Each structure stands twice: as C-alpha cells, then as structure tokens.
Amino acid sequence: MEPVVELKEERSMNFLERIIEDDLANNRVPDNTIVTRFPPEPNGYLHIGHAKAICINFGMAEKYNGRCHLRMDDTNPEKEEQEYINAIQDDIHWLGFDWNDYFYHASDYYQTLYEIALNLIKDGKAYVDSLSAEQMKEYRGTLTEPGKESPDRNRPIEDNLRLFEEMRQGKHAEGSLILRAKLDMASPNINMRDPALYRIKFATHPRTGDTWCIYPMYDYTHPISDAIEGITHSMCSLEFEDHRPVYDWATSIDGIDHTPHQYEFARLNITHFVLSKRKLLHLVKHRLVLGWDDPRMPTLCGMRRRGYSPESIRDFISRVGVAKVESVVDYNLLEFCVREDLNKRAQRVMAVLDPLLVVITNYPKDKVEWLDAENNPENPQGGTRLIPFSGEIYIEKEDFMEVPVKGYHRLYPGNEIRLKHAYYITCNEVIKDDQGNVVEVRCTYDPESKGGTTPDQRKVKGTSHWVSVPQAIDCEVRQYDKLFLTEDPGVSTGNYLDDLNHESLVVLSHVKCEPSLKDAQPGEYLQFIRNGYYMADSKDHSVEHPVFNRTVTLKDSWSKKMKKIHQ
RNA sequence: UGGGAUGUAGUGUAAUGGUAACACUGCAGAUUCUGGUUCUGCCUUUAGGGGUUCGAAUCCCUUCAUCCCAGCCA
C-alpha cells in the first residue's frame, strides 16, 4: 500500500516571521538567538487584545528557539499598582507562556537610565527646560507648522547638570522643570521635537518607593530597556510607528547596544467588543459589569471565568493573523474557535433551563433506573456515567408545542420523540392551568426503546434532553451574551454606552440538572446538551449553591430559521 | 491641510512578475441518539485611472479612501 503522505497544514509566514527569518539567515542576530519582550504597563488587566501581543512576542521566541522577556513598563507611578503586576503574570501563565527567569521591570533600570541622561546632558544632547506644560505645547508647533526652540535650549551644560541634580533631589516643584532631548524642533514628526526625557513626580512607586522623584518617559525608557536586555526584535502595535525615530535615536546613544529594532503590527479589534483600557475601566467603575473578571469582559480573567480555554484563545489569535492593516475581526470567529475546542473536550451533561413537567403514565410508579450516558461522543475514551430515569421528568418548555409549527419535530400531541440516552415517549395529554398555560404533559413510553433505539429500527426525528425530577439538583445558571448590541459600539450612536446590551446577563435561578453536576468544579469544561458550553463559576459556585456560566451557545440552526420566519 | 502607515470576497489572512486562495460568516443539501458534530456544494475578491511587461494583486506614475501623531500617558 502507498504510504499516506501527511500534508502538514502550515500557516504561511507573516511579515514579522519573514523579517526574523531573514535576520537569522543573514547573521544579523547576536548568538543567533532572537529575544523579544512583552512590556505591559501594570495599570490595568490584560484583555484579548494583549493576548495578540503576547502570542506574537512569546510565540516568535518559542518558534525560533529564542526567549521572551516579561517586563513591567512601570515608569508612571501615579497609575501603576502591584495588584496589576500579579494579575498580569497569572494571565500570561494561564495562556500557556512562560518568561522563565527573564522577568524585569523598567524600574530596574532607573539608575542606569539616570546615568545615561547625565551623559546626554554632558554631551550637550539634553537640556533642562523651564517652559510650563502650556508653553511647551505652544512651542511644539502643530501638525502642519514647525515648532520653536525653547529659550532654555542652549542653557550651559553646567547649569543643566546642576538643575537636573536639583530635580532629582526634589528641590523643584512638579511641572516646573523637565529634561528634554535636543533633537529637532522643526521635524515634521512631532515626536522628534525635543521629546521629554524626565519629569518630576512626587509619587511613591510600587517598587522603588520614594527613592526617585524624577521618572523617565516611555520614549526614553523603552528602547534603552530593550537594549539593556539584549532584545533583538521589539514588536509593538501600530500607534508606535511614529515613535520609531525616537527609538532609533535612543538605541544609537553612545554606549547603548544598537541591536534592538522596533517593528509594528496592527492591534486586534473585534466586532461587538470594546478593547480600550479607558472604556473597560469605565464599565468596571460605574458597575455596568461586576468587576474586571466579569465573564462579559474581554479581559483574560473574565474570559477564563466565562469558560474560554486558553487553547481556544491562542487558536483565535493565530487565525486572525498578523499584518499592518487596521482590521476588525468578526466575533463569530472567536465563538467558532471556542466551540471547536470545547466540542472536543467538554463533558456532556443534561440540564433543563426552563423546565416543563412530563409524566410518563405507563412507567412503574416510584421506579428509578440508572442509565448509561456517554460523556463525550467526540472522544470514545471519555467513558460513560450513570443518570437516573423515572416516571417524572423535566424537559425544556421549548421542546413542546401544543400546536406545532411547520418543520417542528419535537414533542407535540401524538408525536413520538427520543429522550437522550433513555426511551421513546409519545405525547397523549396536555394539562393546563386556569390561564391556559401548559403546566404538564402526559406521555407514554416504549419499554422496547431503552437506550435510544428500538428493535424495529423506527426513526424518530426529535431527541430531547431531560432530567429526572426526584434526583434533579437546582442550579443557578448565568446566561451571558454579547456586552454590546452593535458591531462597532458607539459608531452610530456616538457613545459606546448607548449600545450596551442590557440583557447581556440573564440569571436563571432554578435550572434542573442531572445529579452528576454536584461534583462539577470551576475549570472543567461542560456542555449542557443541546444548549451550550458552561463552566462552574470560580467565585460563586459551591456544592450547596451551584452556579454555572454560559461560555457560548451551541450553534442553533432551528432557532435561526424560526427567527428568520418571524421577521 | 505636515509627517507616518495601509488598501485582496461580508470579515480576517495568503499568493513576493506566471491559473487569485484558505478560514470564518452567509446560503443550500447529506449524515446524525445533541436541529450540535461531521461531510458536500454554492455565493462573493485585487480601491479607481494610466503605464512597463509575452504576462501585474505584485514594479512605476497618479487619483481616491481609511487609520495614527500636536501628554510632563504608555
């Protein structure tokens, strides 16, 4: 027999991989080891947009046998907190990446950065400016007009040295003086118009405490930190493109390693999502969601709590690809990725969200049978479990119609359906309350159909999930949906908050579940058959009060069809 | 309107001078003890206009569109 040639499905290279492979091939990388970095500012929680940067930086290092440093970009003590530093590390680990011993803080380099600044001043390449913030803005010029040089630009070196020293000693008020690089006030690139290097801030830093009252700016700190750590490829998002000349300036300062180069890629946008720290912070602060880890949040901790697997997120990022075009990815792709991953791994269980009582009139009273149910049809090794069956069960209200619509093949008077893993039942009688609501359905079962097939091989079109009444356990189920109704929140209304989905969380407090669910743990991927993927809530779930979060619904072509008919 | 970038199906990403493709979405159908999964098929693409070339998504010119930049934020 011919050997089967396995075609490895290799994704084509993106532009960053091309650059790296080219650099490697042409011996432009020291020790032939690429070194990347992920440099979050610890002023908020990581979201799925960051996951892209994480996957790119850690992923490239992994792919090319290099390494990736985790560096906290902590140069603004007014905004940054230790709480965020810890959360960031957790989230990266959860995604499945590790920085090993290469964990740094920009604040590790404060002393070096300070000495380099001193040298710049001595070389006449930096000066202390006493222009106020407003004046500086005026002097900077505009997008179309060049800036003007500050009167302090030619301050004698000795004076600059003395003033900078006084700044460091805390002898000057915040905002009164600033250290600037002497670049080019006429540059068409505003970032090159004598960028600020150091500002005075009398703020306590989470790591350096009150050691410093002058703090270096991003444009100065970032490239030099990269150089110190021997970063070879510094990959960041597009908005830093205009800063690259400043980056190149900083890495060409005397005594600085000029290995690092900056490359920019487009950040991630997803329809129906907001991914701006400012907007996310607003949602949290104004209690429009219940915290950073609210399962509706696009934060990694939120998605994790919601039941997303790290694998599905990494797959999503990999499918989105890397390019320089600003783009908006369809959230359907994200849902596709979770469903695909969870379909393979989720334990199947039965839960009835909106119960309707079914009495099986010919089933022996008080009899209970324990039936075998497969745990995952996608995984034959997944085994089976026992589920109880009795003469009184719940099915979904949706699975019964007194007067069926065209195409409906669930339960209705006279129709036979299969109860998953159990028996065939036929509806004979409908019981209603005074208002005419169906409160109970009476059926007969076929003892021959045990296990879901009959000796005569007759077909039934519908299969329903169900839960036996006496053994059912009561659960709270949180039905999460998109946080925003529109694809691009705020674009048509002018305010993203106007597009909030007020039904993004629907709590069902009396869901009937099969008894095996009492052992469910947060972290276990579940599928409520015919409904969706769920996970026990990591904060509120307990054996006494089980709480499950809906990660994502199953695809539902029937309800889609119905929706279309009703339009 | 200065500078920097970017334009390929509805969305995202390939094709790097040689037959425009893959995935998602959408639409049909088959299979199915989940109206799930799986499988099949279909729809739809190089921003516009010139040029170079036997041959252009790719090179050149030009027009247009979109995004980013005037923090002592990152």
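Residues numbered from 1 in each chain as written. Chains lettered and ligands numbered in written order. Predicted model: local features only at pLDDT ≥ 70, side-chain atom pairs only at ≥ 80, totals over all residues. Heavy atoms only, no water.

1. A look at the overall build of chain A
How we decide: Only DSSP runs of H or I covering at least 4 residues are called helices, and only runs of E covering at least 2 are called strands; the numbering of each starts at the N terminus. The size measure is the radius of gyration over C-alpha atoms, and the globule rule it meets is 2.2 Å times the number of residues to the 0.38 power. Think of it in three bands: with a 1.4 Å probe and only protein chains considered, a residue is buried below 20% of the maximum accessible area for its type, exposed above 50%, and partly exposed in between. A contact between two residues is defined here by any heavy atoms of the two lying within 4.5 Å. Computed by Shrake-Rupley with a 1.4 Å probe, the accessible areas treat only the displayed protein chains as cover when residues are assessed. Positive charge is attributed to Lys and Arg, negative charge to Asp and Glu, and no charge count is given to His or to the chain ends. Charged groups are reduced to one reference atom each: NZ for lysine, CZ for arginine, CG for aspartic acid, CD for glutamic acid.
If you tally the helices and strands in chain A, you get 13 helices and 25 strands. Computed over its C-alpha atoms, the radius of gyration of chain A comes to 31 Å, more than 25% above the 24 Å expected for a compact globule of 567 residues. Projected onto its principal axes, the C-alpha coordinates of chain A cover approximately 100 × 70 × 45 Å. Here chain A holds 567 residues, and 52% of them are scored as buried. Residue pairs in contact within chain A that sit at least 24 positions apart in sequence constitute 70% of those at least 6 positions apart. Roughly 27400 Å² of accessible area belongs to chain A as shown, and the carbon and sulfur atoms make up 48% of that amount. Each charge sign in chain A was given a centre, from 70 positive and 91 negative side chains, and these centres are 3 Å apart.

2. A closer look at helix H1 (residues 15-25)
One full turn of an α-helix is made of 3.6 residues, so residues set three or four places apart face in the same direction. What counts is decided by this rule: Think of it as the arc spanned by the lines of direction from the helix axis to the C-beta atoms. Any N or O atom pair separated by 3.5 Å or less is treated as a polar contact, with the protein-specific requirement of one donor-capable and one acceptor-capable atom, and with residues adjacent in sequence counted only for side-chain atom pairs.
What H1 keeps buried is the set Leu-16, Glu-17, Ile-20, Asp-23 and Leu-24. On an axial view of H1, the arc spanned by its buried residues comes to 130°, and they lie on one face. Residues of H1 that are buried sit in contact with helix H2 (48-63), strand E8 (233-237) and strand E9 (261-265). Sitting at the amino-terminal end of H1 is Asn-14, which places a side-chain oxygen 2.9 Å from the backbone nitrogen of Leu-16. Where H1 terminates, the next one or two residues include Asn-27, which has phi positive at roughly 50°.

3. What to know about the packing of aromatic side chains
What characterises a pair of aromatic rings is the spacing of the ring centres plus the angle enclosed by the ring planes. Going by this rule: For Phe, Tyr and Trp, where Trp contributes only its six-membered ring, two rings pair if their centres lie within 6.5 Å, and the inter-plane angle classes them as stacked under 30 degrees, edge-to-face over 60, or tilted in between.
Applying the stated criterion across every chain, the model contains 22 aromatic pairs. Ring centres of Tyr-114 and Phe-164 lie 5.4 Å apart, and the angle between their planes is 25°; on these two criteria the pair is classed as stacked. In this pair, Tyr-114 sits in helix H4 (residues 110-122) while Phe-164 sits in helix H6 (residues 157-168), placing the two residues 50 residues apart along the sequence. When sorted by exposure, Tyr-114 lands in the same class as Phe-164, which is buried. Ring plane angle 10° and centroid distance 4.0 Å describe the contact between Phe-528 and Tyr-534, whose orientation is recorded as stacked. Like Tyr-534, Phe-528 is buried. Taken together, Tyr-110, Tyr-114, Phe-164, Tyr-198, Trp-212, Tyr-215 and Tyr-220 form an aromatic cluster joined through their ring pairs.

4. What about the pattern of salt bridges?
Our working rule: The term salt bridge refers to a pairing of a side-chain nitrogen on Lys or Arg with a carboxyl oxygen on Asp or Glu at a separation within 4 Å.
The tally for this structure, following the rule as stated, stands at 43 salt bridges. Among the salt bridges present, the one from Arg-478 reaches Glu-476, with a minimum N-O distance of 2.8 Å. For the pair Arg-478 and Glu-476, one class covers both residues: buried. Via salt bridges that share partners, Asp-293, Arg-305, Glu-476, Arg-478, Asp-537, Lys-539 and Asp-540 belong to a single interconnected network.

5. Side note on helix H3 (residues 82-95)
Convention followed: Expected span of a helix, by definition, is 1.5 Å for each gap between consecutive residues, and there is one gap fewer than residues.
Between the first and last C-alpha of H3 there are 20 Å, a value that for 14 residues agrees with the 20 Å anticipated at 1.5 Å per step. Among the residues of H3, those classed as buried are Tyr-84, Ile-85, Ala-87, Ile-88, Gln-89, Asp-91, Ile-92, Trp-94 and Leu-95. On the buried face of H3, the contacting elements are strand E1 (35-38), H2, strand E2 (67-72), strand E3 (103-105), helix H10 (300-306) and helix H11 (310-320). Downstream of H3 by one or two residues, Gly-96 has phi in the positive range, about 105°.

6. Brief notes about the pairing of E9
Cut-off, in case you're wondering: For two strands to be treated as a pair, DSSP must find no fewer than two bridges joining them. Handedness of a crossover is defined as follows: with both strands directed away from the viewer, a clockwise route from the first strand across the helix to the second makes it right-handed.
A large share of E9 lies buried, amounting to 4 of its 5 residues. Sheet analysis places E8 next to E9, joined by 5 bridges and oriented parallel. Residue pairing across strands places His-233 opposite His-261, the latter belonging to E9. At this point the chain moves from E8, through helix H8 (residues 244-250), to the parallel E9, and the crossover so formed is right-handed.

7. Quick word on the sheet that holds E1
Applicable threshold: Here the axes come from fitting lines to C-alpha atoms, over the contacting stretch only for helices, and the angles between their N-to-C directions go from 0 to 180 degrees.
Read from one edge to the other, the open sheet built from 3 strands follows the order E1-E2-E3, with strand pairing classed as parallel. Pairing within the sheet leaves two strands with one partner each, and these edge strands are E1 and E3. Recorded for the sheet is a direction-independent mean angle of 35° between the axes of neighbouring strands. Relative to E3, E2 is paired through 3 bridges, and the arrangement is parallel. Bridge assignment links Leu-70 to a residue of E3, and that residue is Phe-103.

8. Some thoughts on the sheet that holds strand E5 (residues 178-181)
Strand order in this open sheet of 4 strands is E4-E5-E6-E7, and the pairing throughout is antiparallel. Both outer strands of the open sheet, strand E4 (126-129) and strand E7 (214-216), are each paired with one neighbouring strand and no more. Across the sheet, the axes of successive neighbouring strands diverge by a mean angle of 20°, strand direction being ignored. Contacts from H4 reach E4, E5, strand E6 (196-200) and E7 within the one sheet, and its direction differs from that of E6 by about 115°.

9. Things to note about the domain arrangement of chain A
Here is the rule we go by: An automatic or database domain assignment supplies the start and end points of every domain. Summed over both partners, the accessible area (1.4 Å probe) lost when two parts come together is defined as the buried area.
When cut into domains, chain A gives domain 1 (33-265), domain 2 (277-347 + 475-566) and domain 3 (351-465). Taking only C-alpha atoms, the centre of domain 2 and the centre of domain 3 are 29 Å apart. Listed per partner, the contact involves 22 residues of domain 2 and 24 residues of domain 3. Buried area between domain 2 and domain 3, summed over both chains or domains, comes out near 1800 Å², and the portion from carbon and sulfur atoms is 54%. Area buried by domain 2 at its contact with domain 3 is led by Lys-512, Arg-530 and Trp-558, which between them contribute 36% of it. Where domain 2 meets domain 3, there are 2 salt bridges. Residue Asp-399 is joined to Arg-530 by a salt bridge in which the shortest nitrogen-to-oxygen separation is 2.2 Å. The interface formed by domain 2 and domain 3 holds 9 residue pairs in polar contact (both at pLDDT 80 or more) in total. Elements with a contribution of two residues or more to the side of domain 2 that touches domain 3: helix H12 (331-345), strand E21 (473-480), strand E22 (505-513) and helix H13 (557-565). For the side of domain 2 that touches domain 3, the element with the highest residue contribution is E22, accounting for 5 residues.

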